[in-house]
Amino acid sequence: MILTNEEDLKLIREAGQLAGRVLELVSNAACAGISTWELDEMAEKAIRDAGHIPTFKGYKGFPATVCASVNEEIVHGIPNKKKILKDGDIISLDLGVSIRTMKDGKKFDFIGDTAITVPIGKVSDSVMKMLNATRQALYEAIKAARGGATLDQIGGAVEDVGNEGAYGIVRDYGGHGIGPDYHEDPFIFNYRTGSKTKLKPGMVIAIEPMFNLGSDKTRLKSDRWTVVTQDYRPSAHFEHSLLITEGEPEVLTKRPSEVIE
Ligand code: MG
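Conventions adopted
Residues numbered from 1 in each chain as written. Predicted model: local features only at pLDDT ≥ 70, side-chain atom pairs only at ≥ 80, totals over all residues. Heavy atoms only, no water. Helix = DSSP H or I, 4+ residues; strand = E, 2+ residues; numbered from the N terminus. Buried < 20%, exposed > 50% of the residue type's maximum accessible area, 1.4 Å probe, protein only. Contact = heavy atoms within 4.5 Å. Areas by Shrake-Rupley, 256 points an atom, 1.4 Å probe, with all protein chains shown as cover. Lys, Arg positive; Asp, Glu negative; His and termini not counted. Charge placed at Lys NZ, Arg CZ, Asp CG, Glu CD. Pairing = 2+ DSSP bridges. Axes fitted to C-alpha atoms, helices over the stretch in contact; angles between N-to-C directions. Expected span 1.5 Å × (residues − 1). Arc of directions from axis to C-beta. Donors = N, O, S within 2.8 Å, 3.2 Å for Na, K, Ca; no water. 1 Å grid on protein atoms, 1.4 Å probe; cavity = no way out; pocket = protein on both sides within 12 Å on 5 of 7 lines; lining within 4 Å. Points joined across faces, edges and corners; volume = space filled by probe spheres on them. Nonpolar A, V, L, I, M, F, W, Y, C, P; charged D, E, K, R; others polar. Core = buried A, V, L, I, M, F, W, Y, C linked by side-chain atoms within 4.5 Å. Polar contact = N/O pair within 3.5 Å; in protein donor to acceptor, adjacent residues only side chain to side chain.

Draft legend 1. Expanded view of the overall build of the chain. Each helix and strand counted, the chain has four helices and 15 strands in total. Principal-axis analysis of the C-alpha atoms gives the chain an extent of 50 × 40 × 35 Å. The proportion of buried residues among the 261 residues of the chain is 56%. For the chain, the share of sequence-separated contacts (at least 6 apart) that also reach a separation of at least 24 residues comes to 70%. Accessible surface, the chain: about 11300 Å² in total, of which carbon and sulfur atoms supply 50%. Separation of charge centres in the chain, based on 32 positive and 38 negative side chains, amounts to 3 Å.

Pasting the structure below:
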């Protein structure tokens, strides 16, 4: 989707800002002793209190507001009352906010999609380094995501950071265009593909690198949602939604306290 009119831009910014605010709230609340279920409830309440819709709840049958993925879980972990965080864990939290409008009698959603991985208490140096590298890979990809840049350049920016730390760069999942029905083309690879597809001003996209401490290989658990590393080593995931412009992109889901550098 390409957004050009001011009213649409206002709504996509509002969706992104709320997503960033809620993700900051929930990630700050993540601590030893709390369940992933409680974090999910907090996120859903914050989104609904603002008068908007948690994008993921019911999307293709996903049962919750937040994807909460702990340690070896890469993405799409389902919040659970029995999943209690403990010191030394890492948790990836991914959420979407939809602002629903009507266009020509049909629903049309403006969506902000964003993720962060945070440590719980003290985690090992190697895990902390992987987490920081995944965040930096997102930031390098954001710097590369100017109007006219190719998908190869975005993937290359992520791949270079991943290779520097010898991380497993997850290939089975990646970023995407954002449209009124959430995911849309193009698929945004986290590695070089040679793709000459160009980003155009007005496009809304999500970039979301995932790095593993071990191999890049993934496995889908029997719940049909949770994606884990095949070797059960930990994984990190960061994501922002961007509005592509002629120059630097606008980071729609920037969190209030976040400094992108
Ligand atoms: Mg996404």
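Next comes the rest of the account.
Draft legend 2. Focus on the sheet that holds strand β6 (residues 168-169). With respect to topology, three strands assemble into an open sheet ordered β6-β10-β13, the strand pairing being antiparallel. This sheet does not close on itself; its edge strands, each paired only once, are β6 and β13 (235-237). Where β6 and strand β10 (residues 210-212) come together, two bridges link them in antiparallel fashion. By the bridge assignment, Gly168 is partnered in β10 with Asn212. Of the strands in this sheet, β10 and β13 touch helix α3 (residues 125-144), which is tilted by about 155 degrees from β10.

Draft legend 3. Structural view of helix α2 (residues 36-49). With 14 residues, α2 should reach 20 Å at 1.5 Å per residue; the first-to-last C-alpha distance of 20 Å fits that figure. Among all positions in α2, only Thr36, Leu39, Asp40, Ala43, Glu44 and Ile47 are buried. Taken end-on, α2 shows its buried residues confined to a sector of 130 degrees, consistent with a single buried face. Along α2, exposed side chains directed more than 90 degrees from the buried face belong to Lys45 and Asp49. Looking at the buried side of α2, the elements it contacts are α1 (6-29), β1 (53-54), β2 (66-70) and β4 (90-103). Where α2 terminates, the next one or two residues include Gly51, which has phi positive at roughly 90 degrees.

Draft legend 4. Layout of the coordination of the magnesium ion. Every protein donor of the magnesium ion is accounted for by Asp113 (OD), His176 (NE2), Glu208 (OE) and Glu239 (OE), and the metal-donor separations fall at 2.1 to 2.4 Å. Going along the chain, you hit the donors of the magnesium ion in the pattern D-x62-H-x31-E-x30-E. With His176 in strand β7 (residues 175-179) and Glu239 in the loop between β13 and β14 (240-243), this pair connects stretches of sequence that are 63 residues apart. Like Glu239, His176 is buried.

Draft legend 5. Representation of the layout of surface pockets. Reported here for the largest pocket is a volume of approximately 480 Å³. The wall of the largest pocket is formed by 26 residues, among which Tyr59, His76, Tyr173, Tyr182 and His183 lie closest to the centre. Going through the elements one at a time, β7 and β8 (182-188) are the ones with two or more residues in the lining of the largest pocket. Take the lining of the largest pocket: its biggest share by element is six residues, from β8. Residue classes in the lining of the largest pocket are distributed as 13 nonpolar, five polar and eight charged. Considered as a void within the structure, the second largest pocket measures approximately 150 Å³ in volume. Surrounding the second largest pocket, 14 residues form its lining, Thr55, Tyr59, Arg100, Lys107 and Asp109 being those nearest its centre. Those elements that place two or more of their residues in the lining of the second largest pocket are β1, β4 and β5 (106-119).

Draft legend 6. Just the nonpolar core, in detail. Within the largest apolar cluster, 54 residues are counted, with the highest numbers of intra-cluster contacts made by Leu39, Ile91, Leu93, Ile207 and Phe211. Broken down by secondary-structure element, the contributors of at least two residues to this core are α1, α2, β2, β4, β5, α3, α4 (151-164) and β9 (204-207). Counting residues per element, this core draws most heavily on α3, at nine residues. Every residue in contact with Leu39, bar those within four places of it in the chain, is listed here: Val26, Ala29, Ala30, Ile34, Leu85, Ile91 and Leu93. Formed by 20 residues, the second largest nonpolar core is a distinct cluster that contains Leu3, Phe62, Ile99 and Leu252.

Draft legend 7. The arrangement of the environment of Asn132 in detail. Assignment of secondary structure puts Asn132 in helix α3. As for Asn132 and Leu151, which are separated by 19 residues in sequence, their C-alpha atoms are 23 Å apart. Within polar-contact distance, the side chain of Asn132 engages the side chain of Arg135 at 3.0 Å.

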